[in-house]
Amino acid sequence: MDKATFVLYLKRAKTFRKIDRGSAAHYWKGYRWGLHRLYYGERYGTTEQHQQFLDLQFSFDMKDREINRGYHDGLAGKAPVSWDHQ
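Residues numbered from 1 in each chain as written. Predicted model: local features only at pLDDT ≥ 70, side-chain atom pairs only at ≥ 80, totals over all residues. Heavy atoms only, no water.

**Quick word on the side chain of His 36**
By secondary structure assignment, the location of His 36 is in helix α2 (residues 24-40). What makes His 36 buried here is its relative accessible area of 15%. With near-sequence residues (within four places) excluded, His 36 lies in contact with Phe 6, Leu 10, Gly 41 and Tyr 44. (Helix = DSSP H or I, 4+ residues; strand = E, 2+ residues; numbered from the N terminus. Buried < 20%, exposed > 50% of the residue type's maximum accessible area, 1.4 Å probe, protein only. Contact = heavy atoms within 4.5 Å.)

**A short note on helix α1 (residues 3-19)**
The terminal C-alpha atoms of α1, which comprises 17 residues, lie 25 Å apart, in line with the 24 Å expected from a rise of 1.5 Å per residue. Along α1, the residues classified as buried are Phe 6, Tyr 9, Leu 10, Ala 13 and Phe 16. Each buried residue of α1 lies within a common arc of 130° when the element is viewed along its axis, so the set occupies one face. Residues of α1 that are exposed and point more than 90 degrees away from the buried face comprise Lys 3, Ala 4, Lys 11 and Lys 18. Sitting at the head of α1, Asp 2 places a side-chain oxygen 3.4 Å from the backbone nitrogen of Ala 4. (Expected span 1.5 Å × (residues − 1). Arc of directions from axis to C-beta. Polar contact = N/O pair within 3.5 Å; in protein donor to acceptor, adjacent residues only side chain to side chain.)

**Focus on the environment of Tyr 9**
Take Tyr 9: it is sitting in helix α1. C-alpha of Tyr 9 to C-alpha of Gly 34: the two residues are 25 residues apart in sequence and 11 Å apart in space. Not counting residues within four places of it along the chain, the set of residues in contact with Tyr 9 comprises Met 1, Tyr 31, Leu 35, Gly 77, Lys 78, Ala 79 and Pro 80.

**With respect to helix α4 (residues 62-75)**
For α4, spanning 14 residues, the distance from its first C-alpha to its last is 20 Å, which sits close to the expected 20 Å at 1.5 Å a residue. Where α4 is buried, its residues touch α2 and α3 (47-55). Immediately beyond the C-terminal end of α4, within one or two residues, lies Gly 77, with a positive phi of roughly 75°.

**Considerations on the side chain of Asp 73**
Tracing the chain through its elements places Asp 73 in helix α4. Residue Asp 73 is classed as buried on the basis of its relative accessible area, which comes to 12%.

**So, the packing of aromatic side chains**
The description of two aromatic rings rests on the distance between their centres and on the angle between their planes. Per the counting criterion, the structure on display carries eleven aromatic pairs. Where Trp 28 meets Tyr 31, the ring centres are 5.4 Å apart and the plane angle is 75°; that geometry is what we call edge-to-face. Of the two residues, Trp 28 and Tyr 31 both sit in helix α2, three residues apart, roughly one turn of that helix. Across this residue pair, the class does not change: Trp 28 and Tyr 31 are buried. With centroids separated by 5.1 Å and ring planes inclined at 35°, the aromatic side chains of Trp 33 and Phe 53 adopt a geometry described as tilted. Of this pair, Trp 33 sits in helix α2 while Phe 53 sits in helix α3, placing them 20 residues apart in sequence. Exposure remark for Trp 33: the relative accessible area of 25% places this residue in the partly exposed category. (Phe/Tyr/Trp six-rings, centres within 6.5 Å; stacked < 30°, edge-to-face > 60°.)

Rendered as structure tokens:
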């Protein structure tokens, strides 16, 4: 991912976090972490933090699973789309 795309996606995610409601705030938290991890690689966060985000998929807490879903999407470099359009 190039810097321009990273900055654009990050700005969109911040905007969507402000306007989307409910579980979306948790999704966008994870998305931003995943996007940073994609762009900066292992320089962003620790291996343990990365694994913790991945392990949230097994949580019974919907908030944690939304963080995990966002993390995966950010890590995959998916373009951010408002929850109203997902």
